[in-house]
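Residue-level structural notes
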Amino acid sequence: MTKMLDEILQQPKVLAGVEEANKSTLEKLAAELNEKNIGHAVFAARGSSDHAAIYGQYLLGVYKGVVCSLATPSTLTLYDADLNMSSDLVIGISQSGKAADVLAYIEKANKDGGVTVAITNNLDSPLAKTAKYHLYINAGLEESVAATKTFTAQLYLLALLTAYWSADEKLLSSLRNVPKTLEEGIEGILENAKAKSERYRYMVDGFVLARGFNYPIAKEMALKTQETCYIKMQGRAISDFYHGPLAQVHADVPVIVLAPSGKALNDAREMADRIQSLGAQILLVTDDKAFAQEIENSVLLPLAETEAASVYVFTVFAQAFAQYLSVSKGLNPDSPRSLNKVTITK
């Protein structure tokens, strides 16, 4: 078993312990955010953590009405801009907690008087020690270069923060049921991922599409496939795909469509129809039984209670697909060429 697969399998247990490890911090953070009536959030992150940040944008926008932006670290680290973050929630996300550009955002926000939060898997990291609040990933050591359990824990912490801040009991309940859903369904998810990956062993490029909460998971699936399989995959929003990239689709270009139940389902169905009309290869990944029956090459995943909670099920499939595809190509997903576990950018 690869380390990546072992860490994928650890995710139900890891997620089950995240809320308890952070409950007190979440309560204090939510209280301060409500007291200060914070209406804008900035996420600073890179790589997989940046994909988690996009999920955070959807969460805070949908459930709390907070306007969110992704940080542009170069404005600070290259151009020495004097940004004003005095009225912002600034969230720095880094598995190692050592990302220098993310740290720069937290330091500037602290100086301005903003509310700063670090999400890391390292209690002793610079980021964890610098932010006012630290949300602990609590995933244990992650050895594979490709992030799996730390990524889903980042997603989970952002969702918990949203649920606590908005006092949305339905969201919180759906999140608390995620570990059980994954524990009961993970073997089936992995079996489907392994079976489908065999079909794409000789793939050289392709697209992963989704919209809404699972859009960042499309980006993450593409990234995992890039780094473990050396395939030119792109993760795109369904809504943006019509604006140019669709011209690249033809019979030899595989397209994976992530289609969770919820408000984005009809858009996924329309895109699936368009892809098929072009004669391209489509893999539909959905938790909607009726939709799965419409597409011959499809995967039916366990159904989560909310669209926001569905991302964890889709993420496990995405990670497993990349892992099995890498192994089938005779590669080592634990040690991709040219990559290190900790990448420090400025």
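Residues numbered from 1 in each chain as written. Predicted model: local features only at pLDDT ≥ 70, side-chain atom pairs only at ≥ 80, totals over all residues. Heavy atoms only, no water.

Two orientations exist for strands paired in a sheet by backbone hydrogen bonds: parallel and antiparallel. Spatially, the five strands line up as an open sheet ordered β2-β1-β3-β4-β5, and their pairing is parallel. The open sheet has two edge strands, β2 (67–70) and β5 (133–136), and neither has a second partner. Strand-to-strand twist across the sheet, computed as the mean angle between neighbouring axes with direction ignored, equals 20°. Packing against the sheet, helix α3 (residues 47–64) makes contact with β1 (40–44), β2 and β3 (89–93), and its axis sits at approximately 165° to β2. (Pairing = 2+ DSSP bridges. Helix = DSSP H or I, 4+ residues; strand = E, 2+ residues; numbered from the N terminus. Axes fitted to C-alpha atoms, helices over the stretch in contact; angles between N-to-C directions. Contact = heavy atoms within 4.5 Å.)

Of all five residues making up strand β8 (residues 255–259), five are buried, and the element is well covered by its neighbours. Relative to β8, strand β6 (residues 205–210) runs parallel, the two sharing three bridges. In the strand pairing of β8, Phe207 is matched with Val255. Sheet analysis places β8 next to strand β9 (residues 282–286), joined by five bridges and oriented parallel. Bridge assignment links Val257 to a residue of β9, and that residue is Leu284. Between the parallel elements β8 and β9, the chain passes through helix α12 (residues 265–277) in a crossover that is right-handed. (Buried < 20%, exposed > 50% of the residue type's maximum accessible area, 1.4 Å probe, protein only. Right-handed = clockwise from strand over helix to strand, strands pointing away.)

Here the focus is the environment of Gln281. Along the chain, Gln281 falls in the loop between α12 and β9. Judged by its relative accessible area of 27%, Gln281 falls in the partly exposed class. Not counting residues within four places of it along the chain, the set of residues in contact with Gln281 comprises Tyr200, Ala251, Asp252, Val253, Pro254 and Val255.

Now for the sheet that holds β9. The five strands lie next to each other as β7-β6-β8-β9-β10, forming an open sheet whose pairing is parallel. If you trace the sheet from one side to the other, it starts and ends with β7 (232–237) and β10 (298–300), each paired once. Going across the sheet, the axis of each strand differs from the next one's by a mean of 15°, ignoring polarity. Contacting β6, β8 and β9, α12 crosses the sheet at an angle of about 160° to β8. The strands touched by helix α14 (residues 307–328) are β8, β9 and β10; relative to β9, the strand with the most contacts, the crossing angle is about 140°.

Buried within helix α8 (residues 169–176) are the following residues: Leu171, Leu172, Ser174 and Leu175. The buried side chains of α8 occupy one side of the element, clustering within an arc of 165° when seen end-on. Of the residues in α8, the exposed ones pointing more than 90 degrees away from the buried face are Glu169 and Lys170. Its buried side turned inward, α8 meets α2 (11–35), α3, α7 (149–166), α9 (178–199) and α14. With a side-chain oxygen positioned 3.2 Å from the backbone nitrogen of Lys170, the residue opening α8 is Asp168. (Arc of directions from axis to C-beta. Polar contact = N/O pair within 3.5 Å; in protein donor to acceptor, adjacent residues only side chain to side chain.)

For α9, spanning 22 residues, the distance from its first C-alpha to its last is 29 Å, which sits close to the expected 32 Å at 1.5 Å a residue. Largest kink in α9: about 55°, centred on Gly185. (Expected span 1.5 Å × (residues − 1). Bend = angle between axes of the 7 residues up to and from the residue.)

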